[in-house]
Amino acid sequence: MRNVLSILLLLCVTICFACTGGASNGGSKEDSLAAGMNGGQATEARNKEVADGNVVLPSDPGFRYVGRISFKNPDAPRMGFSGAQIFANFEGTSVSMLAKPNSGFYVAVIDGKKPIKVQSKKDTTIVIAKGLEKGMHSIVIAQDTEAADVDFPEFYGLKLDKGCALGEAPVLPERKIEFIGNSITCGKGALDTTTTKSVDDIAFESWYDSYDAEVGRNLNAQCMVVARSGIGIYRNNGGKKTGDPDNMQFYHQRTLLTQDSEMWDFSKFQPQVVCINLGTNDTAQQYDVKLLENGAKTFFADVRKRYPQAKIVVMTGPMRSGKRLLDQKTAIDAAVNQLKAEGMTEIYRFDFPYDNGKYGYGTGHHPAVGEHHFMAGMLTNYLKKLMGW
C-alpha cells in the first residue's frame, strides 16, 4: 500500500481514499505507550487513542529524526537541544502529537505550508491540524524551545484518523550542516519586539525563526543543532574569568545537554560543514583573551577530529562591539591561524556585522526575527560559494 501511494504521489496524481489499517511495530500499542510515559500520561494517551483515533508510535519506520535525540526508549525519544526534528508522511485529515506535558513549544509544517506553532501544556495530546484534505501529507515537527529549559521533551507519537497510518519514510536531504552556538543560535528572544520581556520567557524564543534554521531551509540541508544560552568556549556568561568546566567543549560530547549518562555517537551525523558561533559569552563580564584563544584552539581541533571531512566555519555573532568584539576576534583569529600553521585545512572565518537595531531587538537585545533573516541571507550566500551548493 505504501509503495503504491508513493508511486502515485511521485506521478502527482491526486487521490482521495479512506484510511485503512495502521502500521504495526510488534507488541501492543498500549504496552509501548505505558513503557514510554509515566502511568497517568500512558493512561490518558491510551484512552484517547481508543476513543478518538490511531496512535503511531515513535519507533515506526515511517519516522525520520534529525538532532541530538536519545533513543534509549525508542517509543519515548528525548530531545537534547533546540531544533531536534521529526519527519513523516501521514494519511488522513487530522494529526495530533503526543508529547510529555509542559515540554515547551514546537513548530509543525504540513505539506511545506505556513508553520504552525503549538505549545505543550498539561495535556499529553497536542492538536496540530484538523480538516485537511483526504490523502497523504508530509509533516515536519521541530523542537522550538531549548530542551534543557523544559526538562528534555519526549515524543510519544502521532495520533491520526482511525485506520490511518504513516506512508513511506521521507527521504532526507543529502546536505548536512551542524550549527554549534549559544542563545543566538537557539533563537532566544527573537519574537519579542519590545526588549521588555524576560529573557527566560520561552514564549519569545523561536529556533524555527533563527538564522541557522533558515539557512538549513534555504540550502535544503539537514540541520544538527548543538546550542545553549549563555554557553561559551572557555567560560560561560556570568562565569569565572579563569573559565568554567561546563563550557561547550564539555557539552558538545553529550546527547542530552546536562546529562552525562549518554555520550553522543558522532558517526550518526557527519556534516559536510560545521558552523561555530561562539565567543559572545566568553567576552561578557571579566575574561582572559589568551584563555579564550587557547580554549578555541582546543575546541576547533576537537571538532576536526570528530568531523574529519567537514569544512569548519568559525563565526563571530552580531551582539558584541568595541573592545569586546576586538578581543573576541583577536582570540578566534589567533586560534584559527595557529591551527592552519600546524596543518589543519578547510577551516574558515566568517563575521556577522554588529546588530545596530535596524530590525529591532529581541529580548535581552538578542537578534529579532528580522535580524535573524538578515543573518541567514548573509550566511546562505557564503555557504553557497564555499560548498558549491
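Not measured: the values here are computed from a predicted model. (Residues numbered from 1 in each chain as written. Predicted model: local features only at pLDDT ≥ 70, side-chain atom pairs only at ≥ 80, totals over all residues. Heavy atoms only, no water.)

Asker: I would appreciate a short explanation of the overall build of the chain in the present structure.
Answerer: Along the backbone of the chain there are 9 helices and 16 strands. Counting the 389 residues in the chain, one finds 55% classified as buried. Long-range pairs, those at least 24 residues apart, make up 76% of the contacts in the chain between residues at least 6 apart in sequence. For the chain, the exposed area adds up to about 16,000 Å²; of that, 52% sits on carbon and sulfur atoms. (Helix = DSSP H or I, 4+ residues; strand = E, 2+ residues; numbered from the N terminus. Buried < 20%, exposed > 50% of the residue type's maximum accessible area, 1.4 Å probe, protein only. Contact = heavy atoms within 4.5 Å. Areas by Shrake-Rupley, 256 points an atom, 1.4 Å probe, with all protein chains shown as cover.)

Asker: Honestly, the nonpolar core in this entry has me stumped. Any pointers?
Answerer: Buried together is how nonpolar side chains tend to be arranged in soluble globular proteins. Within the largest apolar cluster, 39 residues are counted, with the highest numbers of intra-cluster contacts made by Ile276, Phe299 and Phe300. Elements with a minimum of two residues in this core: strand S13 (222-227), helix H6 (248-251), strand S14 (273-277), helix H7 (289-306), strand S15 (311-316) and helix H8 (322-341). Residues contacting Phe300, with those up to four places away along its chain left out, are Ile233, Ile276, Ile312, Val314, Ile332, Ala335, Val336, Leu339, Met344 and Ile347. (Core = buried A, V, L, I, M, F, W, Y, C linked by side-chain atoms within 4.5 Å.)

Asker: When you look at the pairing of strand S5 (residues 85-91) in this model, what are you seeing that I'm missing?
Answerer: Looking along a regular strand, one sees side chains alternate from face to face of the sheet. Of all 7 residues making up S5, 7 are buried, and the element is well covered by its neighbours. Burial along S5 is two-sided: the face carrying Gln85, Phe87, Asn89 and Glu91 and the face carrying Ile86, Ala88 and Phe90 are both buried. Bridge count between S5 and strand S10 (residues 136-143): 7 bridges; the pairing is antiparallel. The residue of S10 that forms the bridge with Glu91 is Met136. (Pairing = 2+ DSSP bridges.)

Asker: Sorry, what's going on with H8 here?
Answerer: Every α-helix carries 3.6 residues per turn, so stepping three or four residues along brings you back to the same face. Here H8 spans 28 Å end to end across 20 residues, near enough to the 28 Å set by a 1.5 Å rise per residue. Turning to H8, its buried residues number three or more, namely Leu325, Asp327, Gln328, Ala331, Ile332, Ala335, Val336 and Leu339. What you see down the axis of H8 is that its buried residues fit within an arc of 165°, all on one side. Projecting away from the buried face of H8 at angles above 90 degrees are the exposed residues Gly322, Lys323, Leu326 and Ala341. (Expected span 1.5 Å × (residues − 1). Arc of directions from axis to C-beta.)

Asker: What is the right way to read the environment of Val66 from this model?
Answerer: For Val66, the location among the structural elements is in strand S2 (residues 64-66). Between the C-alpha atom of Val66 and that of Gly83, which follows or precedes it by 17 residues, the distance is 8.5 Å.

Asker: Before we go on, may I ask you to explain the pattern of salt bridges in this structure?
Answerer: Where charged atoms of side chains with opposite charge meet at close range, the side chains can pair. The tally for this structure, following the rule as stated, stands at 15 salt bridges. Its salt-bridge partner being Lys188, residue Glu146 comes within 3.6 Å of it at the nearest N-O pair. Note that Glu146 is positioned in the loop between S10 and strand S11 (155-160) and Lys188 in the loop between helix H4 (183-186) and helix H5 (211-218), a separation of 42 residues in sequence. Taking relative accessible area as the criterion, Lys188 reaches 6% and is therefore assigned buried. (Salt bridge = Lys/Arg side-chain N within 4 Å of Asp/Glu carboxyl O.)

Asker: Whenever I open this one, the packing of aromatic side chains confuses me. Can you help?
Answerer: What characterises a pair of aromatic rings is the spacing of the ring centres plus the angle enclosed by the ring planes. Within the structure shown, the criterion is met by 12 aromatic pairs. For the ring pair Tyr65 and Phe155, a centre distance of 6.4 Å and an interplane angle of 65° mean the geometry is edge-to-face. Of this pair, Tyr65 sits in strand S2 while Phe155 sits in strand S11; the two residues are 90 residues apart in sequence, bridging distant segments of the chain. Among the aromatic residues, ring-to-ring pairing joins Phe179, Tyr211, Phe350, Phe352 and Tyr382 into one connected group. The cationic tip of Lys176 hangs over the ring face of Phe269; the distance from NZ or CZ to the ring centre is 5.4 Å. Here the basic side chain of Arg217 rests over the ring of Tyr208, its NZ or CZ set 4.0 Å away from the ring centre. (Phe/Tyr/Trp six-rings, centres within 6.5 Å; stacked < 30°, edge-to-face > 60°. Lys NZ or Arg CZ within 6 Å of the ring centre and 35° of its normal.)

Asker: Looking at this structure, I do not really get the layout of surface pockets. What am I missing?
Answerer: To locate leftover empty space, one rolls a probe as large as a water molecule over the atoms. Of the volumes computed, that of the largest pocket is approximately 520 Å³. Taken together, 26 residues line the largest pocket, and the ones lying closest to its centre are Gln85, Phe87, Val140, Arg217 and Ala221. Mapped onto the lining of the largest pocket, the elements with two or more residues apiece are S5, strand S7 (104-110), S10, H5 and S13. Looking at the lining of the largest pocket, its residues break down into 17 nonpolar, 7 polar and 2 charged. (1 Å grid on protein atoms, 1.4 Å probe; cavity = no way out; pocket = protein on both sides within 12 Å on 5 of 7 lines; lining within 4 Å. Points joined across faces, edges and corners; volume = space filled by probe spheres on them. Nonpolar A, V, L, I, M, F, W, Y, C, P; charged D, E, K, R; others polar.)

Asker: Can you walk me through empty space enclosed by the protein in this structure?
Answerer: Scanning the model with the defined rule gives 1 cavity of 30 Å³ or more in all. Within this model, the largest cavity holds a volume of roughly 40 Å³. As for the largest cavity, its lining consists of Gly80, Phe81, Ser82, Glu146, Ala147, Ala148, Ala227, Arg228 and Leu257.

Asker: So what exactly am I meant to see when it comes to the state of the cysteines here?
Answerer: The bond known as a disulfide is covalent and runs between the sulfur atoms of two cysteines. Considering all chains together, one arrives at 0 disulfides under this definition. With no disulfide of its own, Cys275 has Cys223 as its nearest cysteine by sulfur position, at a separation of 9.0 Å. Exposure remark for Cys275: the relative accessible area of 0% places this residue in the buried category. (Disulfide = S-S within 2.5 Å.)

Asker: Where do I start with the sheet that holds strand S16 (residues 347-351) in this structure?
Answerer: What the 5 strands build is an open sheet, ordered S13-S12-S14-S15-S16; its pairing is parallel. Either end of the sheet is taken by a strand with one partner, and the two such strands are S13 and S16. Averaged over all pairs of adjacent strands, the angle between their axes in this sheet comes to 20°, without regard to strand direction. With 6 bridges joining them, strand S12 (residues 176-181) and S13 adopt parallel strand pairing. (Axes fitted to C-alpha atoms, helices over the stretch in contact; angles between N-to-C directions.)

Asker: Explain the environment of Ile177 here, please?
Answerer: Relative to the assigned elements, Ile177 resides in strand S12. With relative accessibility at 0%, the residue Ile177 sits in the buried group. If we ignore the near neighbours within four places in the chain, the residues touching Ile177 are Val215, Leu219, Ala221, Gln222, Cys223, Met224, Phe269, Pro271, Val273, Cys275, Leu383 and Trp389.

Asker: What am I meant to see in the packing of H5 against helix H9 (residues 369-387) here?
Answerer: Working note: a packed helix pair is described by the angle between its axes plus the distance between those axes. At a closest axis distance of 8 Å, the pairing of H5 and H9 adopts a crossing angle of 45°. One finds that H5 runs oblique with respect to H9. The hand of the H5/H9 crossing is right-handed. Here Tyr211, Glu214, Val215 and Asn218 of H5 come into contact with H9, specifically with His372, His373, Met375, Ala376, Leu379, Thr380 and Leu383. For the contact of H5 with H9, the per-class residue count stands at 6 nonpolar, 4 polar and 1 charged. (Parallel < 35°, antiparallel > 145°, perpendicular 65-115°, else oblique. Left-handed = near helix turned anticlockwise from the far one by under 90°.)

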